[in-house]
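# Secondary and tertiary structure notes
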Amino acid sequence: FPTLLVLQVENVKLLDRYTNRKAANGTLYLTATHLIYVDASAEVRKETWILHHHIATVEKLPLATAGYPLLIHCKNFHVAHFVIGQERDCHEVYTSLLKLSQPVKPEELYAFSYNPKMSKENREIGWKLIDLKVDYQRMGIPNDYWEITDLNKDYEVCNTYPPEIVVPRAANKAVVVGSSRFRSRGRIPVLSYLYKENNAAICRCSQPLSGFSARCLEDEQMLQAIREANPGSHFMYVVDTRPKLNAMANRAAGKGYENEDNYDNIRFKFIGIENIHVMRSSLQKLLEVCEMKSPSMSDFLTGLENSGWLRHIKAVMDAGVFLAKAVKDEKASVLVHCSDGWDRTAQVCSLASLLLDPFYRTFKGFMVLIEKEWIAMGHKFSHRCGHLCGDPKEVSPVFTQFAECVWQLMQQFPCAFEFNERFLLEIHDHVYSCQFGNFLGTCHKEREDLKIFEKTHSLWPFLLQKKQELRNPLYRGFTAYKELQPNTLPFSFQFWCGMYNRFDKGMHPKQCVLDHLLGCMSQKVKLEDNASELENKLPFLDGPLPSEACSLAKIGCAASKTPMLNTPQDYEGEPPPVLSNGAGAGDIDAMSDVDQKHRDNLSHHQDLHDLNDTIDVLDSKAKDERRSTT
Amino acid sequence: MLRSSQPLTGPNRKRCREDETLLGMVLDEGERGFIIDTRSAQAAKQARMTGGGTEPKSSYPHWRRLHRALERGRPLQESFIKLVEACNDASITMDRWLSRLESCRWLSHVKAALSTACLAAQCLDREEASVLVHGAEGTDTTLLVTALAQVILDPSCRTLVGFQGLLEREWIEAGHPFHVRCARSAYSHARLKQEAPLFLLFLDCVWQLSRQFPFSLEFGERLLLTLFDNAYASAYGTFLCSNEKERCLCKVKESTHSLWAWLNQPEEKEKYLNPLYTHNALVIWPSVEPQSIQLWHGLFFRWIRSSQYLDEAWAEIQQVVGGN
């Protein structure tokens with residue numbers, strides 16, 4: 001085991017929704033970082049890994065015939081149902097897990113002990129992989145209208161913003177400082193994305209401290225500066241992503257929203273996305289639907305609708321689409337905020353950038369997007385993801401929703417992204433895993449204080465090294481699609497089985513097209529490597545990074561060897577191992593793997609050995625359906 | 001696997017020695033068989049009042065009867081009409097869409113059809129027992145089950161040619177009354193009594209299988225859409241009339257062209273092939289969990305949303321799989 005063994009328990013069963021009765025006995029291990037369940041009963045040894053940081057809740061269920069049940073819900077939606085033979089063992093596991101899954105101090109987080117075999121230089125290089133200045137340069141900044149200012153270098157303007165922010169050149173220090181006193185938490189309007197083609201900009205901030213009637217000259221000047229930085233339009237939009245009622249209620253607390261009368265040439269608009277509490281509750285209801293045992297179609301659809309989850313996804317998507325349209329079609333700049341400008345604002349700005357700019361649909365670009373709009377701009381990952389023992393009301397699936405919006409776009413535009421669904425899921429896992437330092441804390445200042453950059457590793461090199469598994473085989477390249485215009489009619493939003501029922505393998509398509517296509521492509525990698533070497537010699541500002549993954553692999557990031565969480569039991573087994581030159585070892589044995597797994601794995605939920613059971617199960621389902629229709 | 005129509009037991013529990021003998025001969029010594037009746041137990045019992053009924057246990061001792069109520073006729077057509085209306089309704093809001101979809105019950109019918117076909121397949125494959133499938137007339141839900149079960153069980157039915165053979169056998173020759181079932185589709189104001197989208201339901205189920213087993217069908221969605229089109233209106237005689245007798249009387253084979261002949265031409269054929277196909281000798285068991293069953297966008301939103309990006313994806317798949 002990678003870390004110290006804390007506890008070992010025999011006679012433990014792991015149940016899933018299909019094999020309730022036939023579960024074999026296995027052994028449960030608790031290490032300092034993981035729960036590992038080993039089932040050695042079958043020919044093939046099966047391991048289930050759960051990272052302690054991923055555990056959201058542990059519950060003891062009432063005594064069952066087979067033993068003492070323990071139900072574990074994870075933040076990545078894995079649900080593990082163990083049945084432990086002895087009560088004393090069950091209690092010990094329960095109390096250990098409660099302690100291990102709820103660290104109190106940041107120093108207890110995995111990132112501070114995670115130690116892959118890597119040289120100091122490589123670790124530091126890893127942190128330098130993403131440089132936001134390069135992205136601003138890519139947008140043409142600094143230019144006549146916009147500059148990267150160091151006014152916040154000591155966090156004097158805003159302590160949840162990064163040291164370097166982009167503001168209009170016309171906004172001098174007095175304007176910046178004055179505006180910061182008029183914005184919640186000092187989060188002044190700054191640039192998120194500049195659409196070079198027409199100079200329209202997406203900017204973000206927090207709500208103004210306007211109350212019912214307060215004004216601030218500097219804040220008005222700030223917005224004017226933003227508007228005038230785009231000579232192509234005489235007006236700009238100010239978008240409040242809260243429902244109107246919520247925003248109005250904030251006025252009573254001395255905050256609120258911009259009064260169109262006070263700001264020249266702005267068009268104010270509400271786009272109602274619900275708050276973090278509504279979203280937390282919505283996800284809870286969604287997960288209850290996902291956990292239903294053999295629901296009818298009616299139960300599922302009704303439950304899904306009642307959760308409101310897809311409605312919220314659509315709301316975020318609609319907002320992103322509005323921003324993109326305003327910038328591209330109306331050539332108008334947009335200033336976006338919610339309350340504090342670190343939740344809905346982050347979702348909407350990053351989504352709009354993704355819709356407008358194909359760079360953010362590449363590996364490198366997506367990493368830049370997250371580093372910029374989420375990490376640097378102070379999305380409170382630690383609170384929203386419950387990294388430490390804290391206020392449960394601060395927990396909310398804000399980043400999850402953003403990841404889902406990206407996934408929805410991938411369904412509509414299968415060839416437009418350089419990466420595949422697994423990339424999203426891996427990032428999502430690591431947002432919660434605390435294995436890497438990127439998502440620790442709540443803002444850049446806090447990360448500096450915790451010495452993240454000295455003591456922990458960055459996620460990005462680790463992911464880039466796995467590029468071959470995480471890439472999209474259908475990607476048509478950087479120039480194939482410019483801006484994306486998704487269909488946002490209700491039927492366009494699909495249920496993301498791969499996220500919310502990720503570990504219920506029986507529900508997913510039985511054959512993995514992705515692995516097959518990746519296998520086909522790995523044959524072509526040799527050719528691509530040669531091409532990349534040539535590409536490397538060309539200067540580039542835009543475009544996907546050709547062979548960073550290969551060069552890093554040569555340096556030798558061994559990080560991927562550490563299995564960090566539950567290995568999904570893919571129906572077709574693991575993807576073929578990737579050799580250091582990028583070629584796949586398995587190649588076109590993928591097809592025979594499929595057949596082999598068919599033979600081995602016929603115990604699918606429909607495949608009950610005792611047909612009488614099937615009949616009883618189907619009979620009772622039929623009864624339920626009849627009951628629900630009468 | 002056998003299929004038939006309902007036994008004419010009637011209110012007086014008539015028996016038929018020949019029918020009992022026939023079914024008896026199907027089973028070997030000591031074997032038992034299953035009868036899958038696609039009507040609810042209640043409906044099957046009520047059928048006795050109008051001369052129909054079920055096989056009484058006493059007369060068919062080695063056959064165990066299972067009831068799996070599958071929707072057919074008027075209610076199925078209503079389900080179809082409601083679904084198409086919902087899909088075409090641009091004013092539906094997000095908070096009503098799923099309940100509207102639910103109230104159509106189309107996906108519930110897909111789930112039920114797949115479940116019943118799996119049940120039949122399990123009897124054969126797992127229990128190694130013979131199965132007799134029937135509903136009332138043996139021309140609708142019966143064929144849905146037997147045809148689907150064969151796609152699940154038999155790899156040869158999953159080839160392009162094999163699938164055509166299956167359609168010929170289990171739908172056309174078996175006497176599914178296409179002429180009256182596929183007269184007006186979902187838009188008819190006439191609300192014809194005999195109209196019902198059983199064949200579409202079958203195609204939808206096959207599409208679900210192709211989604212869950214993307215490598216195992218030699219044909220793709222395009223074939224299924226073409227079949228759907230041709231069942232309702234066709235330049236070819238394949239789906240004309242309601243049974244072989246009518247086709248004979250109308251001289252269909254002499255006076256029309258066969259759809260299969262056209263489809264199987266090399267230039268046409270390649271448009272219908274699945275670039276991911278590899279022969280899979282095993283039974284394909286679908287998941288019937290709601291999460292695994294999806295609304296068939298390619299059919300129900302065919303004219304509503306562009307398929308450009310999905311077509312481009314398929315072209316990419318073709319390229320990747322096709323080799324350098």
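Residues numbered from 1 in each chain as written. Chains lettered and ligands numbered in written order. Predicted model: local features only at pLDDT ≥ 70, side-chain atom pairs only at ≥ 80, totals over all residues. Heavy atoms only, no water.

Taken together, the contact between chain B and chain A spans 61 residues of the former and 66 residues of the latter. When the two sides are added together, the surface that chain B and chain A hide from each other amounts to roughly 5,600 Å², 64% of it contributed by carbon and sulfur. Contact with chain A buries area across many residues of chain B, yet B:Met94, B:Phe215 and B:Gln291 alone supply 14% of it, more than any other trio. For the pair chain B and chain A, the interface holds two salt bridges. A salt bridge links A:Arg476 to B:Glu316; its shortest N-O distance comes to 3.8 Å. (Contact = heavy atoms within 4.5 Å. Buried area = accessible area lost by both parts, 1.4 Å probe. Salt bridge = Lys/Arg side-chain N within 4 Å of Asp/Glu carboxyl O.)

Right, let's get into the packing of aromatic side chains. Residue and element names in this part refer to chain A. Enumeration over the complete set of coordinates arrives at 52 aromatic pairs over all chains. Geometrically, the ring pair formed by phenylalanine 495 and tyrosine 500 is tilted, given 6.3 Å between the ring centres and 40° between the ring planes. The structure contains a cluster of three or more aromatic residues connected by ring pairs, namely Phe363, Phe366, Trp374, Phe381, Phe399, Phe402, Phe417, Phe419, Phe423, Phe439 and Trp460. Cation over ring: arginine 267 sits above phenylalanine 235, and NZ or CZ is 3.6 Å from the ring centre. (Phe/Tyr/Trp six-rings, centres within 6.5 Å; stacked < 30°, edge-to-face > 60°. Lys NZ or Arg CZ within 6 Å of the ring centre and 35° of its normal.)

Let's shift gears to the sheet that holds strand β1 (residues 2-3) of chain B. The strand order across the open sheet built from four strands is β1-β4-β2-β3 (chain B), with neighbouring strands paired in parallel fashion. Both edges of this open sheet fall to β1 and β3 (63-67) of chain B, since each of them pairs with a single strand only. (Pairing = 2+ DSSP bridges. Helix = DSSP H or I, 4+ residues; strand = E, 2+ residues; numbered from the N terminus.)

Further remarks concern the domain arrangement of chain A. Residue and element names in this part refer to chain A. Its domain assignment divides chain A into domain 1 (5-102) and domain 2 (124-514). One C-alpha centre belongs to domain 1, the other to domain 2; they are set 36 Å apart. Between domain 1 and domain 2, the contact holds 12 residues from the first and 25 residues from the second. If you sort the residues of domain 1 by the area they bury against domain 2, Arg17, Lys75 and Phe77 come out on top, with a joint share of 48%. Linking domain 1 with domain 2 are zero salt bridges. (Domains from an automatic or database assignment.)

Moving on, we come to the packing of helix α20 (residues 513-522) of chain A against helix α16 (residues 308-322) of chain B. Look at α20(A) against α16(B): their axes get within 8 Å of each other, and the N-to-C directions meet at 50°. Between α20(A) and α16(B), the interaxial angle falls into the category oblique. Regarding α20(A) and α16(B), the two cross each other, and that crossing is left-handed. When α20(A) is examined against α16(B), the residues A:His516, A:Leu517, A:Cys520 and A:Met521 are found in contact with a partner set consisting of B:Ile317, B:Val320 and B:Val321. Residues that form the contact of α20(A) with α16(B) fall into these classes: six nonpolar, one polar and no charged. (Axes fitted to C-alpha atoms, helices over the stretch in contact; angles between N-to-C directions. Parallel < 35°, antiparallel > 145°, perpendicular 65-115°, else oblique. Left-handed = near helix turned anticlockwise from the far one by under 90°. Nonpolar A, V, L, I, M, F, W, Y, C, P; charged D, E, K, R; others polar.)

Here the focus is the sheet that holds strand β14 (residues 334-337) of chain A. All names here are of chain A. Reading across from one edge, β10-β11-β14-β12-β13 is the order of the five strands in this open sheet, with mixed pairing throughout. Of all the strands in the sheet, just β10 (190-195) and β13 (266-270) have a single pairing partner and so form its edges. Recorded for the sheet is a direction-independent mean angle of 20° between the axes of neighbouring strands. Relative to β14, strand β12 (residues 236-240) runs parallel, the two sharing four bridges. Paired with tyrosine 237 across the strands is valine 334, a residue of β14. Sitting on the sheet, helix α5 (residues 217-228) touches β11 (200-204), β12, β13 and β14, and the angle it makes with β12 is about 125°.

Residue and element names in this part refer to chain A. Per the UniProt annotation, the sites labelled "binding site: substrate" (unreviewed entry) are Asn275, Ile276, Cys338, Ser339, Asp340, Gly341, Trp342, Asp343 and Arg344. Across 70 residues of sequence, these annotated residues stay compact in space, with a maximum C-alpha separation of 12.4 Å. Assignment of secondary structure puts serine 339 in the loop between β14 and α10 (344-356). On the basis of relative accessibility, which here comes to 18%, the residue serine 339 falls in the buried class. In contact with serine 339, other than residues within four places in its own chain, are Ser184, Ser206, Gln207, Arg242, Asn250 and Arg344. Assignment of secondary structure puts tryptophan 342 in the loop between β14 and α10. In this structure tryptophan 342 comes out as buried when scored by relative accessible area, which is 5%. Ignoring any residue separated from it by four or fewer positions in sequence, one finds tryptophan 342 in contact with Thr160, Arg185, Arg187, Arg204, Gly378, His379, Lys380 and Arg384. (UniProt positions renumbered as here; feature names shortened; annotations may be inferred. Buried < 20%, exposed > 50% of the residue type's maximum accessible area, 1.4 Å probe, protein only.)

Moving on to the packing of helix α13 (residues 398-412) of chain A against helix α14 (residues 421-433) of chain A. Residues and elements named next belong to chain A. Running from N to C, α13 and α14 cross one another at 175°; their axes reach a closest spacing of 10 Å. Put simply, α13 runs roughly antiparallel to α14. Judged by residue contacts, Phe399, Thr400, Ala403, Val406, Trp407 and Met410 of α13 engage Glu421, Leu424, Ile427, His428, Val431 and Tyr432 from α14. When the residues that make up the contact of α13 with α14 are grouped by side-chain class, the tally is nine nonpolar, two polar and one charged.

Moving on to the pairing of strand β2 (residues 33-37) of chain B. Residue and element names in this part refer to chain B. Counting buried positions over the five residues of β2 gives five, a clear majority of the element. Burial along β2 is two-sided: the face carrying Gly33, Ile35 and Asp37 and the face carrying Phe34 and Ile36 are both buried. Inspection of the sheet shows β2 paired to β3 by five bridges, in the parallel sense. Residue phenylalanine 34 lies in a different strand from β3, and its bridge partner there is arginine 64.

What follows concerns the pattern of salt bridges. Residue and element names in this part refer to chain B. Taken as a whole and judged by the stated rule, the model has 40 salt bridges over all chains. The closest approach of N and O atoms between arginine 100 and aspartate 89, which form a salt bridge, is 3.1 Å. Separated by 11 residues along the polypeptide, arginine 100 in helix α4 (residues 94-104) and aspartate 89 in the loop between α3 (73-88) and α4 bring together distant segments of the chain. We classify arginine 100 as partly exposed; its relative accessible area is 28%. The exposure class of aspartate 89 is partly exposed, given its relative accessible area of 25%.

A separate point is the UniProt feature "active site" (unreviewed entry) in chain A. All names here are of chain A. Listed under "active site" (unreviewed entry) in the UniProt record, and renumbered for this structure, are Cys338. Within the fold, cysteine 338 resides in the loop between β14 and α10. Using a relative accessible area of 2% as the deciding quantity, one classes cysteine 338 as buried. With sequence-adjacent residues up to four places away left out, cysteine 338 is seen in contact with Cys205, Gln207, Asp240, Thr241, Arg242, Asp343, Arg344 and Thr345.

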